Structure formats: C-alpha cells, structure tokens
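# Coordinates in review
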Amino acid sequence: MLGSLFARSPVRPLQEHMRAAVACAKQVLPLFEDMAVQRTERLAEHRARIDELEHEADRIKNEIRGHLPKRLFMAFERRDMLEILDFQDTIADVAQDIAELADLRQMVLPPALGEPVLALVRRVIQACEHAERVIGELDELVETGFGPHESARVESMVAELNQIESDTDELSEAAKRTLFALEAEIGVGTVFLYQLIDWVADLADFAERVGNRTRLLIAR
Amino acid sequence: MGEALDAVLFGAPPILWLAGALALFMAWTIGANDVANAMGTSVGSGALTIRRAIIVAAVLEFGGAFFVGGHVTETVRKGILAPEAVALHMADLPYGMLGALAAAAVLLFGATRFGLPVSTTHSIVGAIVGYGAVAMGLDAIEWGKISQIIGSWLTSPLIGGVLAFLIFNFTRWLILDREDPEARVRRFGPLFYFVVTGVIGLVTLFKGLKNLSLDFALPQALGLSAGVGVLGAGLGAVLLSRVTANGPVPGDRFHQVERSFVLLQILTACAVAFAHGSNDVANAIGPLAAVIHSVSEVGYTKQAAVEPWMLLVGGAGIVLGLATWGYRVMETVGRKITELTPSRGFAAELAAALTIVLASRLGIPVSTTHILVGSVLGVGLARGIGALDLRIIGTIVVSWVATLPIAAILSILFFYLFRGLLAA
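Cut-off values and rules
Residues numbered from 1 in each chain as written. Chains lettered and ligands numbered in written order. Predicted model: local features only at pLDDT ≥ 70, side-chain atom pairs only at ≥ 80, totals over all residues. Helix = DSSP H or I, 4+ residues; strand = E, 2+ residues; numbered from the N terminus. Rg over C-alpha atoms; globule rule 2.2 N^0.38 Å. Buried ≥ 20, exposed ≤ 12 C-beta atoms within 10 Å, placed from the backbone. Contact = placed C-beta atoms within 7 Å. Nonpolar A, V, L, I, M, F, W, Y, C, P; charged D, E, K, R; others polar. Pairing = 2+ DSSP bridges. Axes fitted to C-alpha atoms, helices over the stretch in contact; angles between N-to-C directions. Parallel < 35°, antiparallel > 145°, perpendicular 65-115°, else oblique. Expected span 1.5 Å × (residues − 1).

## Here's the deal with the overall build of chain B
If you tally the helices and strands in chain B, you get 15 helices and 1 strand. Rg of the C-alpha trace for chain B: 22 Å, near the compact-globule value of 22 Å for 424 residues, within the 12% margin. Summarising its shape, the C-alpha atoms of chain B cover approximately 75 × 45 × 35 Å along the three principal directions. Of all 424 residues assigned to chain B, the portion counted as buried reaches 61%. A separation of at least 24 residues holds for 87% of the contacts in chain B among residues at least 6 apart in sequence.

## Looking at the interface of chain B and chain A
With 32 residues of chain B at the interface, the matching set in chain A holds 26 residues. Elements represented by at least two residues in the side of chain B that touches chain A include exactly α2 (14-44), α8 (143-176), α12 (308-336), α14 (368-381), β1 (387-389) and α15 (391-422) of chain B. The dominant element in the side of chain B that touches chain A, judged by the number of residues it contributes, is α14(B), at 5 residues. Residues that form the side of chain B that touches chain A fall into these classes: 16 nonpolar, 7 polar and 9 charged. Here strand β1 (residues 72-74) of chain A runs beside β1(B); their pairing, made up of 3 bridges, is antiparallel. Directly across from Leu72(A), in β1(B), lies its bridge partner Asp389(B).

## Looking at the environment of Ile412(B)
All names here are of chain B. The residue Ile-412 is located in helix α15 in this model. Separated by 333 residues in the primary sequence, Ile-412 and Gly-79 have C-alpha atoms spaced 19 Å apart. Not counting chain neighbours up to four residues away, the residues in contact with Ile-412 comprise Gly-130, Tyr-131 and Val-134.

## Points about the packing of helix α9 (residues 181-205) of chain B against helix α13 (residues 342-361) of chain B
Describing two packed helices takes the angle between their axes plus the distance from one axis to the other. Residue and element names in this part refer to chain B. Running from N to C, α9 and α13 point in directions that differ by 10°, and their axes come no closer than 11 Å. Between α9 and α13, the interaxial angle falls into the category roughly parallel. Listed contacts from α13 to Val-196, Val-199 and Val-203 of α9 are Leu-350, Leu-354, Val-357 and Arg-361. Of the residues contributing to the contact of α9 with α13, the split by class is 6 nonpolar, no polar and 1 charged.

## Some points on α13(B)
Residue and element names in this part refer to chain B. Its 20 residues place the ends of α13 28 Å apart at the C-alpha level, agreeing with the 28 Å of an ideal helix rising 1.5 Å per residue. In terms of burial, α13 is a largely internal element, 18 of the 20 residues being buried. Looking one or two residues beyond α13, the residue adopting positive phi is Gly-363, at roughly 75°.

All we've got here are geometric facts, nothing functional implied.
Below is the structure:
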C-alpha cells in the first residue's frame, strides 16, 4: 500500500524539457553566425537541427502533461509548474520560428548589423542558460523542503537573470537602431530582420518568465 | 511458565491446537506482509540488502513483540468484550475467538491474493466485535473502548503526520538547508541515534522486562535508557564516520548528504520494525490468549494473563512469515518506493515509530501502514516530496469501510461453524 503513495515527481522531466528548449535557443547562434557571413546554404541545416530539438521538447512536454493527474499532491502548485512548462516550451517554439523565417527567406545580416545582432544573440543565450540553471535548482529546492537558505539562493539567481534580460533589452534596441539606419539600403527586408531581432529578444523574455514563475513557486 | 501452558501441553483439547495453528498463521501473515512496509523503504533506498533487512527486522520485530507486545495483546484479549457478558457466555468464548482468528486470517489471505490493502488490526477488531455482537448481544461490546480504538485509527495517522511534519522541518533547519549539510549530518546524526535507541530502551525497560522478571521503576528505567541512548549515539558516530566519501556528484549537491542519511534511515526502519512488533503481535496472540484462558479456566479478566511464552510464539510466527515470504513483499515494496529518499524515509519512519510505540504502550491496536502513510503525507505537507498520489487516501477509506463488516460477518459464520463442529 505504501508503494502506491508515491507518484513520479515532475521535477526531473521539467528539467529535461528545459534542457531541450534551451538547446533549441543555443542553435540560434550558429544560425546567425552563418547569416552574418552570408552563408545561406547552411540555414536549412540549422533549421533541421532546431526542429529536431523542438520535437524532443514537445515529446517531454506531452509526457509531463500526461503524467500529471489532478489528484497529485506536489511540493509546489500544479498551475505554477504547468506555466513554467509553457514558458519553457515557448522558448523552443520561438527558436523554431526564427529558424523557419531565416531559412524560408534565405536571410542574411548586412555587415553593419552583424556585430550588434550577434551580441544580442549571445546575451539572450546566456539568459536562457541562466534560466536553465534556475530550473536545475528545483530538485535541490525539493530536497531542502524549500528551505529559506536554498530559496534565497534561487531568488538571487533569478535576480541575476532579470539583470541579464534587461541587458538584452538594451542590446535589442541598439540592434534595431542600427537596422533602421540601414533601412534605405535594405528595403523591405527591414521588416523581416526587425521580426527576427524581436523574436530573439523574446527568447530572453520567456527565459525571464521561467525564472519569475519559479520565484512564485517558491513563495507558495 | 504458567498454568495455561500446562493446559496446552498436557491433555490439550483439539480446540487449543486449532487456536494455536490459526494464531501462528495470523502471525505468519503479519510477518509476511506488514513488515515489508517497515523495511521496504530501506531496501528501496539501497540502505540495506534484502538479507540484512530480514535479519534486522526479525530481531527487532521479535524484540518489540516480546517486550512491549503485552499491552495491546491484553486489549485484544479482554478489552473489546465486556467481562459481565463474557461471564454469561463463557463456554462460547473459545469458539468466538477462534472464529475471529479464522475470519481475520481468511480475509487477510484473500486480500493479499487479490492485492488489496487490508489492515490486520482492523480485521481482528472487526471480527471480535462481529462475533461478540451476534453471540452475546450489542451490550457485550465495550463501546467505550471500541470508540477509543476507532478514534485512534483516525488520530494516529494524524499524529504521525504532524510529527513527521515537525521532524522534517527540524531536519531541514538543522541539516539540510545549510551551507555544509554533509558535515552537519555527521555531527548531529548521533543525536538522532541517542533519541531513537533511548526511546526504544525506555519502552522496553520501563515495565517491559517483566517477561524476564526484571521490573524497573521509572527513574531507573530513565537512567538505564539514557545509557542505552549514549551507546546508540556512540555506535551512530562510528557508523557515520565510516560513510565513504566518493566525492561530490556533479549536479547533485545532496548526494553525499543522502548517503549519510542512509544510516539514520536504517535506524528508524529498525524503530518501525520494533514498534510494529509491539503493536501487531496482539492481532494474532490476543485471541489465542483468550481461547487458552477460557479453556484452562484461568479466567477472562485476570490481570497480566498474557504470558511470555504466548508473545514468544507470536514473535516467532512473525519472524517465520518474514523469513519464508516477507522478502518477496519487501522486494516489491522496495522497488516501488525509491522516491522515498533516505532523509524523507528517516523523518517519516521516526514519526511513525514514535506514534506506534506510544499506541502500544497505551494498549491501543493501530494500523502501522496507515500511520506510515500519514507520516509520509506529513513530510509532503512540509514540501519535502516531489509528488504524492492522493488516490491512496480513497483506498484506505474503502478498505476501512469494507474490512470491518466483512471481518465481522466472516467471524460470525466461523463462530457458528466451530461451535457446531467442536462443542460437545
């Protein structure tokens, strides 16, 4: 009878899902690096890899949802957990959208835009990786029963994540300024590049939301 | 050895042999099924091999049954049925108790076959009440005692849960939620060894050793158990210092901490085994004692009529069940509850053991498994466990509602059957 009391904890699958989602985001860097050196023939390859990782994330997501009956009593709110899962999943989805647009339109970055955009992408990926580390603390949180010491540790990680995200806001604004300065030269392509930069910035946004939601989950 | 044993050994009527066989079978069932809940957690977390778990459980179950098992046995023997009513129907009592044993044994055997969780305690209490109400009338039931027992079936898991909640929060504050949890578990581990061995020492030494003709007053018992506790703490310190340092596992800061908690969990699993023996031996031996006493005309109400040799038989039966069948159940339970990591197992088991031992000393028959479930939920409420499946609460309620009437009806049938067959 005691055996049937224990359900599979969703913490590890949630961490696996985050790993897959952030892996999608990380693939955006080589994509933009090739766009910066006008190597369009490799865009499809990057897109295929991101698609693959996104499917993996989807698989884990469906598995988590399927194993989360309402009668489970968990160390955190079910709703908080599902929202974190959604934000994580959006990271993978947005990375997929970026790759799709870049590949379909065979986009390249004008030389002047290369460095500002790559700086943005790098910082965004740092935000995602940092959010992954926050999610990586979930099992430690459960292990310490969400003790004040461990909670404070995670809270400070989230504060750092917020800092990184606000860096990406500035970097994306700088990239967009550069883009608009080139508008006459690029023409209608401006719209699509603007969209790509916006989506890249969104990645950091969702990473931040993962962190903020984790903070709420601690403060139940 | 007393007059009752003489009655059994010399010219025992067949009913005594039958009662003895059924009591042994009950004890066997208890050993085969229930003990797994005490030790399965340690097997599951890799703290003990099955072989060692069996040996350790055998020693402690037996110790609990022999030294502390008398109180609850007295309750089952003569606390449920009113003496005045039994005096009027003295001739029927052996058949009734025999019927109760047979009913509980059949129910447990059937339930085990179909994988239903049924509590031995609930079966035997339901069976005795069923026979008593039908054979002697509703007035024959000690309703005050029954409501106390049934009340304890609600409160004991609750107490276990609250204790587990507090113990886990204390552990979190003292050890887990610190910069250096590993060093702290080694430093404070012996403290827990002191408490647990001291408590076991106290319940054994204080009025427990009457079976060995040693009777300590409270002050003496307290002093001696403090000594036992110090010995326990020393042992704990030695064991904890031996935990091999494999070095940290990347991404898992608490790996070493849990490895150290393994030693604390072995300790608490032992405490649960001891507590379980002290409470559950009564389910087999209480009715047997009643049969023997009514047949040998020692009398129903005589004080301290549960003799050491009866507890010996019960303890032996439990150990037998453990050795012949318990390992299989233990393996299954162990595989299923790997989610209960050593630190959680420690908190839940310590709380459960304290609750059960307390109930044993008060002579109240409780369900070990239900208290363990309550304790695990307590740790869950302290946010210590990833996910718990609350369906088990429903299972417990259903098994509650079903066990009592089924046991009662079966025992009524067996009562008439045995009286028809055996009464001259």
